[in-house]
Amino acid sequence: MRTATVAAAVVALAAVTAWPASAINTYNAVPAPERTEVGALVATWDNDDNPATPDRVDWVCSGTMVDADTFLTAAHCVDGWPSNVKFYVSLLQDVQSALDAATGTPAQKAASVGVQGVAHGDPAYPGNSADSHDIAVVELPARQVAARWNFKPATLPTAGKLDAMGPRALDAAEYTVVGYGTEEAQNGPGGHTHPGGGVRMKAPLGFNALNNTWLRLSMIEAQGNGGACYGDSGGPNFATIDGKRVLVATTITGDAPCYATNVTYRLDTPSARSFLAPFVALS
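Below is a short write-up of the structure.

Scoring rules and cut-offs
- Residues numbered from 1 in each chain as written.
- Predicted model: local features only at pLDDT ≥ 70, side-chain atom pairs only at ≥ 80, totals over all residues.
- Heavy atoms only, no water.
- Helix = DSSP H or I, 4+ residues; strand = E, 2+ residues; numbered from the N terminus.
- Contact = heavy atoms within 4.5 Å.
- Areas by Shrake-Rupley, 256 points an atom, 1.4 Å probe, with all protein chains shown as cover.
- Core = buried A, V, L, I, M, F, W, Y, C linked by side-chain atoms within 4.5 Å.
- Buried < 20%, exposed > 50% of the residue type's maximum accessible area, 1.4 Å probe, protein only.
- Arc of directions from axis to C-beta.
- Phe/Tyr/Trp six-rings, centres within 6.5 Å; stacked < 30°, edge-to-face > 60°.
- Lys NZ or Arg CZ within 6 Å of the ring centre and 35° of its normal.
- Pairing = 2+ DSSP bridges.
- Axes fitted to C-alpha atoms, helices over the stretch in contact; angles between N-to-C directions.
- Salt bridge = Lys/Arg side-chain N within 4 Å of Asp/Glu carboxyl O.

1. With respect to the overall build of the protein
Reasoning step 1: Of regular secondary structure, the protein possesses 6 helices and 15 strands.
Reasoning step 2: Sequence separation of at least 24 residues holds for 71% of the intrachain contacts in the protein that already meet a minimum separation of 6.
Reasoning step 3: Carbon together with sulfur atoms contributes 53% to the accessible area of the protein, which is approximately 11,600 Å² in total.

2. Section: the nonpolar core
Reasoning step 1: If you look at the biggest cluster of nonpolar residues, it comprises 53 residues, and the most contacted ones within it are Leu41 and Leu72.
Reasoning step 2: Apart from residues no more than four positions distant in its own chain, Leu41 is found in contact with Asp58, Trp59, Val60, Cys61, Phe71, Cys77, Val78, Phe87, Tyr88, Val89 and Val138.
Reasoning step 3: In this structure, Ala173, Leu217, Met219 and Ala249 belong to the second largest nonpolar core, which totals 25 residues.

3. Regarding helix α3 (residues 106-113)
Reasoning step 1: Within α3, the full set of buried residues consists of Pro106, Ala110 and Val113. One face of α3 carries all of its buried residues, which in axial projection span an arc of 70°.
Reasoning step 2: Next to the buried residues of α3 lie β2 (38-45), β3 (56-67), β5 (86-90), α2 (95-101) and α4 (142-148).

4. Thoughts on the packing of aromatic side chains
Reasoning step 1: Counted according to the given criterion, the structure contains 4 aromatic pairs.
Reasoning step 2: Taking 5.8 Å as the distance between ring centres and 85° as the angle between the ring planes, the aromatic pair formed by Trp81 and Phe87 counts as edge-to-face.
Reasoning step 3: On the accessibility criterion, Phe87 (6% relative accessible area) is buried.
Reasoning step 4: With 5.4 Å between their ring centres and 45° between their planes, Phe275 and Phe279 make a pair best called tilted. Assigned by exposure class, Phe275 and Phe279 land together as buried.
Reasoning step 5: Cluster of aromatic residues (ring-pair linked, three or more members): Trp45, Trp81 and Phe87.
Reasoning step 6: Over the ring of Phe238 we find Arg35; its NZ or CZ atom is 5.9 Å from the centre of that ring.
Reasoning step 7: For Arg245, the ring lying beneath its charged end belongs to Phe238, and the centroid distance is 6.0 Å.

5. What to know about the sheet that holds β3
The strands that make up a sheet pair up through hydrogen bonds in the backbone, lying either parallel or antiparallel.
Reasoning step 1: Read around the barrel, 6 strands follow the order β2-β3-β4-β7-β6-β5 and close on themselves; strand pairing throughout is antiparallel. This sheet shows a mean twist of 45° between the axes of neighbouring strands, independent of strand direction.
Reasoning step 2: Relative to strand β7 (residues 136-139), strand β4 (residues 70-73) runs antiparallel, the two being bridged by 4 bridges. Among the inter-strand pairings, Thr70 is bridged to a residue of β7, identified as Glu139.

6. Focus on unusual backbone geometry
If a residue is not glycine, its phi is most likely negative; likewise, a peptide bond is most likely trans.
Reasoning step 1: With an omega dihedral of 15°, the bond running from Tyr125 to Pro126 counts as a cis peptide bond.
Reasoning step 2: Position of Pro126 relative to the elements: it lies in the loop between β6 (115-121) and β7.
Reasoning step 3: Located in the positive-phi region is Asp49, a residue other than glycine, with phi close to 60°.
Reasoning step 4: Within the secondary structure, Asp49 sits in the loop between β2 and β3.

7. What to know about the pairing of strand β11 (residues 201-210)
Reasoning step 1: Direction of pairing for strand β1 (residues 30-31) relative to β11: antiparallel, over a ladder of 2 bridges. By the bridge assignment for β11, Pro31 is matched with Met201.
Reasoning step 2: Direction of pairing for strand β8 (residues 174-179) relative to β11: antiparallel, over a ladder of 5 bridges. Across the sheet, Tyr175 pairs through a bridge with Leu205, a residue of β11.
Reasoning step 3: Here 4 bridges tie β11 to strand β12 (residues 214-218), and the two strands are oriented antiparallel to one another. Looking at the pairing, Phe207 lines up with Leu217 of β12.
Reasoning step 4: Counting the residues between successive antiparallel strands, the hairpin from β11 to β12 contains 3 residues.

8. Some details on the pattern of salt bridges
Close approach of charged atoms lets side chains of opposite charge pair.
Reasoning step 1: For the structure shown, the criterion picks out 6 salt bridges.
Reasoning step 2: Ionic pairing is found between Glu34 and Lys202, a salt bridge with its closest N-O pair at 2.5 Å. Within this pair, whereas Glu34 is found in the loop between β1 and β2, its partner Lys202 is found in strand β11, the two being separated by 168 residues in sequence.
Reasoning step 3: Glu34 gets classed as partly exposed once you look at its relative accessible area, which sits at 37%.
Reasoning step 4: Overall, Lys202 belongs to the partly exposed group, its relative accessible area being 24%.
Reasoning step 5: Arg266 serves as the salt-bridge partner of Asp268, at 2.9 Å between the closest nitrogen and oxygen.
Reasoning step 6: Its relative accessible area of 1% is what places Arg266 among the buried residues.
Reasoning step 7: Salt bridges sharing partners connect three or more residues here, namely Asp163, Arg266 and Asp268.

And the structure:
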């Protein structure tokens, strides 16, 4: 879900960065410094249509490096912005603290934490409930990325991998969500708030359901699971398959309080693979 501060029409897992940086979801979640392929999408944009005031800079979504120069995220993270928006990718563990400490113009702050790239969303987005086409990449200058960070790109699934596994194997697989998003809802005098965000975290998930383009994963605390929340959109959902970590889906949406279900977009489908094929080698 992208930041609620950008546009009221954007509802998915948005980053709310008015609170101190902290978590993907407080229960059953821990920091993920080892997941160096997972990053934050940072944007600069004209927030008020007034050229006399500075642009805004903020982290807005999560995502994953799937090769040396391709950052995979969600289409709703790069869609619907003002025409002057610029996107950067940061692989820092704590991007919120880095932005807080940065000085200079919004563009200089963004460049201090990330590398600027060019976003490409699926032209068929927003699609429909059967297939939202909610997938995008940010193409980056590989040399600049390599000069700043070391990482091993995530492994994408082969065609139809989740279908081939069958219900029993899907239920038995270990799932992990990673992202920079906020904590689950906390009740207060003004209603629900979502504190935290801006720090790379991870949490375990359980299998819930599979259909043609969606993988639904359980975030129920009592079952030992954690989960995604606002700001985790575009971030990875890994499954351990045959002993290997595979990036099987990206976070798109879920229930508003971030308690129950992480709804993720499958990456092994013909639709997702057709979009990805021009940008990354698929097996």
